[in-house]
Amino acid sequence: ELGTVGRLELVNVLLALRHFGRLIKVLATERPDIVHVPLAQNLLGLGRDLVFVAISLLGRAKVVGQVHGGGLGAFLSRAPRWFTALARVLLHRCSALVVMPRWQAERLGPAVPAERTVVIPHGTEDNPSSPAEPRPDSFRALYVSSHLHESKGLEALVAAATRAQAAGVTTEWEIVGE
């Protein structure tokens with residue numbers, strides 16, 4: 001239900017707890033090399049996503065955060081100091097932070113390390129090829145989102161995963177969320 005996004009409601013808390021549990025289970029049993037975490041731009045949503053980041057780092061996975069929209073830098077500049085400090089620590093531990101247009105990268109501000117910000121333009125090319133043989137440096141990927149929906153980039157995720165598989169960059173994908 002999109003009507004509860006960013007609101008502190010029992011259903012959101014229960015979903016977050018269930019997703020934290022699922023992430024811990026997948027990290028313990030599957031040992032993915034990389035965890036992809038979309039980052040919200042409000043206090044409750046980003047707080048939840050930072051817990052995903054922290055759990056993933058404790059599970060010894062590299063974390064790739066993805067920023068949707070251009071308000072993260074502005075939000076963090078207005079957020080409570082304690083929250084911004086925590087966000088800065090966790091975001092600086094991410095291996096990469098992905099944005100779609102270049103202007104998003106320019107608006108992220110000091111809480112996000114510029115040297116780890118990667119611009120990946122919207123859209124992917126259609127490549128109907130079969131998966132390639134895994135490369136020696138290929139890895140398993142885990143995508144975590146509390147809300148799997150087209151409006152949250154699900155189509156782009158599937159396209160990117162398909163391209164990574166076809167190129168032999170990844171050996172498998174695990175998608176966790178509702």
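Data block above holds the structure.
This report concerns the structure included in the present document. (Residues numbered from 1 in each chain as written. Predicted model: local features only at pLDDT ≥ 70, side-chain atom pairs only at ≥ 80, totals over all residues. Heavy atoms only, no water.)

## A closer look at the pattern of salt bridges
On inspection of all chains with the given rule, the structure shows 1 salt bridge. Notably, a salt bridge pairs Arg 48 with Asp 49, separated by 2.8 Å at the nearest N-O pair. (Salt bridge = Lys/Arg side-chain N within 4 Å of Asp/Glu carboxyl O.)

## Section: the packing of aromatic side chains
Overall, the coordinates contain 3 aromatic pairs when judged by the stated rule. Ring geometry for Phe 75 and Phe 83: centres 6.0 Å apart, planes at 75°, overall edge-to-face. Comparing Phe 75 with Phe 83, the two get one shared label, buried. Members of the aromatic cluster, each reached through a chain of ring pairs, are Phe 75, Trp 82 and Phe 83. (Phe/Tyr/Trp six-rings, centres within 6.5 Å; stacked < 30°, edge-to-face > 60°. Buried < 20%, exposed > 50% of the residue type's maximum accessible area, 1.4 Å probe, protein only.)

## Structural notes on the nonpolar core
In terms of nonpolar packing, the biggest core is built from 34 residues, with Leu 39, Leu 46, Val 53, Leu 76, Leu 91 and Leu 142 touching the most fellow members. Contributing elements (two or more residues each) for this core: α1 (10–30), β1 (34–39), α2 (43–58), β2 (62–67), α3 (72–78), α4 (81–92), β3 (96–99) and β5 (139–144). Per element, the largest residue contribution to this core is 6 residues, and it comes from α2. Beyond its immediate sequence surroundings of up to four residues, Leu 46 is in contact with Leu 39, Ala 40, Leu 72, Phe 75, Leu 76 and Phe 83. (Core = buried A, V, L, I, M, F, W, Y, C linked by side-chain atoms within 4.5 Å. Helix = DSSP H or I, 4+ residues; strand = E, 2+ residues; numbered from the N terminus. Contact = heavy atoms within 4.5 Å.)

## Looking at the pairing of β3
The side-chain alternation of β3 yields two buried faces, one formed by Ala 96 and Val 98 and the other by Leu 97 and Val 99. Alignment of β2 against β3, held across 3 bridges, turns out to be parallel. Across the sheet, residue Val 64 finds its bridge partner in β3, namely Ala 96. Taken together, the 3 bridges between β3 and strand β4 (residues 117–119) define a ladder with parallel strand orientation. When the sheet's bridge partners are listed, Val 98 is paired in β4 with Val 118. (Pairing = 2+ DSSP bridges.)

## Side note on the packing of α1 against α2
The contact between α1 and α2 brings their axes to 10 Å, and the two run at 20°. In terms of their interaxial angle, α1 and α2 are classed as roughly parallel. The way α1 lies across α2 gives a crossing that is right-handed. Here Ala 16, His 19, Phe 20, Leu 23, Ile 24 and Leu 27 of α1 come into contact with α2, specifically with Arg 48, Val 51, Phe 52, Ile 55 and Ser 56. A class-by-class count of the residues in the contact of α1 with α2 yields 8 nonpolar, 2 polar and 1 charged. (Axes fitted to C-alpha atoms, helices over the stretch in contact; angles between N-to-C directions. Parallel < 35°, antiparallel > 145°, perpendicular 65-115°, else oblique. Left-handed = near helix turned anticlockwise from the far one by under 90°. Nonpolar A, V, L, I, M, F, W, Y, C, P; charged D, E, K, R; others polar.)

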